[in-house]
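# Understanding the architecture of this molecule
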Amino acid sequence: AVVSTQSTGGERPFVGKIVAMWQDNLGEMMVTMCWFYRPADLENIRGPYGAHELYLTKHTDDNSVATIQGKVYVLSYPEYCRYYSYLVAGARGTRAPKIVPDVHQWREEVVPVRGVHRDSIYFCRGVYDFRLRRTLKQQLYYTKYL
C-alpha cells in the first residue's frame, strides 16, 4: 500500500510505500516506509516533468502509524498514461481508444477505477540513487516495486 504522510506547513504531503509494520516497546504501531521524491527535490533531474511525477528511492525510515494521512496511488508511467486517457475519454463521453486496454484488465488492486481524487494519483518514472546523484538506467515498466 502506498500512503501519504503529513507534511509541515503548507507543503505537499510526502509519499512513501509501507515496507513493514510492527509494534514498538511502548505499544505504538510503527511502519517502515520507502520514500518517493518529487523531481524538484532531487539533484540532476532536468525538467520538464509532470506535476504528479515521483521517483522511487532507497531512502527508508521508521514512522508512527499516526503520521499516515491516507492512501494514494503510484502508477508506472505507462499505466498513468492509460489511466489518464481513460479519464479524458470518460469526460468527453466517448470510449478510450482501442490502443488503451480496458481499465479492468490492469492491476485492479493498484489502479484506481472510480471515485479517487486526481491529487491522489501519481506516477513513477524511475529510481533515483542518492549516492550516484542520478536516475538508474532500469525503467519501472515492471511495477512490482511500486
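The structure we're discussing is the one just above.
Summary of the structure given here. None of these values were measured; they are calculated from a predicted model.

Each helix and strand in the chain was counted, giving one helix and eight strands. For the chain, the N- to C-terminal ordering of α and β elements is β-β-β-β-β-β-α-β-β. The buried share of the chain, reckoned over its 146 residues, is 37%. For the chain, the proportion of contacts with a sequence separation of at least 24, taken over those separated by at least 6, is 61%.

Our next topic: helix α1 (residues 77-92). Its 16 residues give α1 an end-to-end C-alpha distance of 23 Å, which sits within 8% of 22 Å, the value for a rise of 1.5 Å per residue. Among the residues of α1, those classed as buried are Glu-79, Tyr-80, Tyr-83 and Ala-89. Tucked into the core, α1 has its buried residues touching β6 (73-76) and β7 (121-129).

Right, let's talk about the pairing of strand β4 (residues 53-64) for a bit. Where strand β3 (residues 29-37) and β4 come together, seven bridges link them in antiparallel fashion. Counted as the bridge partner of Met-30 is Ser-64 from β4.

Glancing now at the packing of aromatic side chains. Under the counting rule described, the total for this entry stands at two aromatic pairs. Taking the centre distance of 5.2 Å and the plane angle of 55° together, the rings of Tyr-77 and Phe-123 count as tilted. Taken as a pair, Tyr-77 in helix α1 and Phe-123 in strand β7 lie far apart in primary sequence, 46 residues in all. Ring centres of Tyr-80 and Phe-123 lie 4.7 Å apart, and the angle between their planes is 40°; on these two criteria the pair is classed as tilted. You can see Tyr-80 sitting in helix α1 and its partner Phe-123 sitting in strand β7, a full 43 residues away along the chain. One exposure class covers both Tyr-80 and Phe-123, and it is buried. Every member of this aromatic cluster is reached through a ring pair, and the members are Tyr-77, Tyr-80 and Phe-123.

On inspection of all chains with the given rule, the structure shows two salt bridges. Among the salt bridges present, the one from Glu-53 reaches Arg-125, with a minimum N-O distance of 3.1 Å. Of this pair, Glu-53 sits in strand β4 while Arg-125 sits in strand β7, and the two are 72 residues apart along the sequence.

By secondary structure assignment, the location of Cys-81 is in helix α1. For Cys-81, a relative accessible area of 35% puts it in the partly exposed group.

Time to look at the environment of Met-29. Looking at the element boundaries, Met-29 is found in strand β3. C-alpha separation for the pair Met-29 and Ser-64, spaced 35 residues apart in sequence, amounts to 6.2 Å. Not counting residues up to four positions away in its chain, the partners in contact with Met-29 are Met-21, Trp-22, Gln-23, Ser-64 and Val-65.

Conventions used here
- Residues numbered from 1 in each chain as written.
- Predicted model: local features only at pLDDT ≥ 70, side-chain atom pairs only at ≥ 80, totals over all residues.
- Heavy atoms only, no water.
- Helix = DSSP H or I, 4+ residues; strand = E, 2+ residues; numbered from the N terminus.
- Buried < 20%, exposed > 50% of the residue type's maximum accessible area, 1.4 Å probe, protein only.
- Contact = heavy atoms within 4.5 Å.
- Expected span 1.5 Å × (residues − 1).
- Pairing = 2+ DSSP bridges.
- Phe/Tyr/Trp six-rings, centres within 6.5 Å; stacked < 30°, edge-to-face > 60°.
- Salt bridge = Lys/Arg side-chain N within 4 Å of Asp/Glu carboxyl O.

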